[in-house]
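Inside the fold
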Amino acid sequence: MEKFIRHEGLVVPLDRANVDTDAIIPKQFLKSIKRSGFGPNAFDEWRYMDHGEPGMDNSRRVRNPNFVLNQERYQGASILLARANFGCGSSREHAPWALQDFGFRAILAESFADIFFNNCFKIGLLPIVLPKAELDALFGLTEHTPGYRLTVDLPGQRVIRPDGHAIGFAVDAFRKECLLNGWDDIGLTLRHEEKIRAFEARRRVEQPWLFV
Amino acid sequence: MGCAIIARFEAAAEIMSKTLYDKLWESHVVHTEEDGTALLYIDRHLVHEVTSPQAFEGLRLAGRKPWRVSSIVATADHNTPTTHWERGIEDPVARQQIETLNANIREVGALAFFPFKDKRQGIVHVIGPENGATLPGMTVVCGDSHTSTHGAFACLAHGIGTSEVEHVLATQCLLQKKSKTLLVRVEGKVGAGVTAKDIALALIGKIGTAGGTGYAIEFGGAAIRALSMEGRMTVCNMAIEAGARVGFVAVDETTIAYLRGRPFSPKGDVWDKAVAYWRTLVSDEDAKFDAVVELDARQIIPQVTWGTSPEMVTGIDGMVPAPEDFSDPVKREGVARALAYMGLTPRTPIQQIKVDKVFIGSCTNSRIEDLRAAAAVARGRHIATNVKLALVVPGSGLVKQQAEDEGLDKVFLAAGFEWRQPGCSMCLAMNDDRLSPGERCASTSNRNFEGRQGAGGRTHLLSPAMAAAAAIAGHFVDVRELL
Ligand code: SF4
């Protein structure tokens, strides 16, 4: 997993609530058996004027000029500003894969759907919950300030505005540790291999019907 | 001194009273990190073609072996066609994904695998329970958010992402933090024509699609206990649409009766031992929940969604709202956008909305009871001329077989419905079953998001009986008038 320590980047505002995983990466792209390459199809239905299918040359498709991610001033953005319940819907990890592949490193929102939130941590994409009032201010600042950038400081658990105002955020200690070190969950869990074996052996005796 | 003992005794009793969630959680903790992140042991791992290839690949690249392959039950469902099985899978990209699943399972093994065209193939959340592969007290995971369905059996059932699929394959464990608990108590008795789906939609209408975020939902109350296992699965299936990753129902006689004699259910002495344990899988009398939501079943009428989120729902006697009805500006704009997408005018009575297609199926509503309810409405009637296509897609090969044994296929065919092979089908339209842009569908599935059933397609969620009624009338109609 990619490490996350401190990131400074351009911000793009996606001002709608309940952005679901079908919107982030439409299902026709889930037929891929790969983990990468989803970025060009992130938000496909909002981003392009035509209907996208796997295998199309995305560079030749007509883009929707009204969709915020297509606007010139937001090109190269790596911090996504979002609203409530971001990432609701399916468990598809293809959604965080697509956002990461697109170039995002962090998402700031009022709230996230549980599974999506969890999936982000697994790949080093940092989802941050911020209070609504702070987000409202950030939406205003981003829209009115061309080239608006933010710094995300994970060790300090703060989002820092260019004017120096810092907004604190919460993150589980375990997840933070994993992100700071770029640790792979599986390797960490396998440190407890003995414990897992012992647990399993006891369960086999107590609830044998689970082990047919 | 006597008093001190009583006080101590009471304190102990307080500590001992547990919710069902506490019991399920505690019985699976292998290890806990300092911040409370726990390693939970996983009993059952359900696998399908869409979210597993990258996990098997990851495992292989790291040179790791699956921990316990007998925990795996696999099937192909999301991409499989529902017609012309003799032609195989014509879409090459989908075919590659299904062949990858076949190859992966062939390589590692599984407790059971129901590949494309197997007579027990079906939607992953239908086949687990009907084969007795989902048992009370289990932790169940699947790379699919509707894994919450299995909670109907008092399981701790989580939908997981692909990295977690790989984690479970490699370690038989899942990293989780304990959720808060929410008790949804539905008291009273629903009226005729009101189903589990209506209870679920009414709940989401009340608490919103993020209402359950961060919670594990236990469904209880007389109206839940009165539901069949099929109905409980429908309710738990929709827990995720209320924002909760897991939803469950305590064990009772209905649970035990359902499991008796299923292929993977325990037998003989082991069955008795298992049943004795399963009976403990209820919340203690005085257990404390972090939140409680109450619904009165008598107030619930058949529900229909009008927007692009399951919380955008109303009773069949209602109408499409206007954006001005909402004070929150983000919500107001969301409603305006939804109405534009759905092609609906504010204040239109729901019953005046015409439908182009009807879909009866999905892991929410494709079990035998759902098909019976729809067939009861379709019997002796015919779909309206404005309905271009009315699909009935059984949840599995076994459901299909049972429905045919009961003659339900004949009822549907005579009424002008199509009778298809099992699979996810038009629930998410990864195969050829989909809406064209602008088409309006009465659907028994669980999501009405933009483009869910096909780009530009418009989805209205409702119960199987209501969907059949819409097919017959050509527009939404109160099924209670047809009973
Ligand atoms: S039927 Fe729909 S919701 Fe259920 S598993 Fe299939 S695609 Fe997912």
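A few points on the structure. What you see is a predicted model, and the numbers here were worked out from it, not measured in a lab.

Time to look at the pairing of strand S2 (residues 38–41) of chain B. Residues and elements named next belong to chain B. Side-chain alternation along S2 places Ala 38 and Leu 40 on one buried face and Leu 39 and Tyr 41 on a second face that is also buried. With three bridges joining them, strand S1 (residues 29–32) and S2 adopt antiparallel strand pairing. Note on S2: the bridge partner recorded for Thr 32 is Ala 38. Between S1 and the antiparallel strand that follows it, S2, lie five residues; Gly 36 among them carries a positive phi value of about 95°.

Take the environment of Arg372(B) next. All names here are of chain B. Its location among the elements puts Arg 372 in helix H13 (residues 368–378). For the pair Arg 372 and Ile 240, spaced 132 residues apart in sequence, the C-alpha separation works out to 25 Å. Excluding anything up to four places from it in sequence, Arg 372 contacts Gln 402, Glu 406 and Leu 408. A distance of 2.8 Å separates a polar atom in the side chain of Arg 372 from a polar atom in the side chain of Glu 406.

At the interface, 77 residues of chain B touch 61 residues of chain A. Carbon and sulfur atoms make up 57% of the area that chain B and chain A hide from each other, which totals about 5600 Å². Joining chain B to chain A, the criterion identifies seven salt bridges. The partner of Arg35(A) in a salt bridge is Glu166(B), and the shortest N-O contact between them spans 3.0 Å. Our enumeration of links across chain B and chain A arrives at 35 residue pairs in polar contact (both at pLDDT 80 or more). The set of elements that each furnish at least two residues to the side of chain B that touches chain A consists of S1, S2, helix H3 (53–61), helix H4 (92–108), helix H6 (162–171), strand S8 (173–176), helix H11 (268–278) and helix H12 (329–342) of chain B. With seven residues, H6(B) is the single largest residue contributor to the side of chain B that touches chain A. Here the side of chain B that touches chain A is composed, by residue class, of 30 nonpolar, 29 polar and 18 charged.

Rules behind the numbers
Residues numbered from 1 in each chain as written. Chains lettered and ligands numbered in written order. Predicted model: local features only at pLDDT ≥ 70, side-chain atom pairs only at ≥ 80, totals over all residues. Heavy atoms only, no water. Buried < 20%, exposed > 50% of the residue type's maximum accessible area, 1.4 Å probe, protein only. Helix = DSSP H or I, 4+ residues; strand = E, 2+ residues; numbered from the N terminus. Pairing = 2+ DSSP bridges. Contact = heavy atoms within 4.5 Å. Polar contact = N/O pair within 3.5 Å; in protein donor to acceptor, adjacent residues only side chain to side chain. Buried area = accessible area lost by both parts, 1.4 Å probe. Salt bridge = Lys/Arg side-chain N within 4 Å of Asp/Glu carboxyl O. Nonpolar A, V, L, I, M, F, W, Y, C, P; charged D, E, K, R; others polar.

That is the geometry; function is a separate question.
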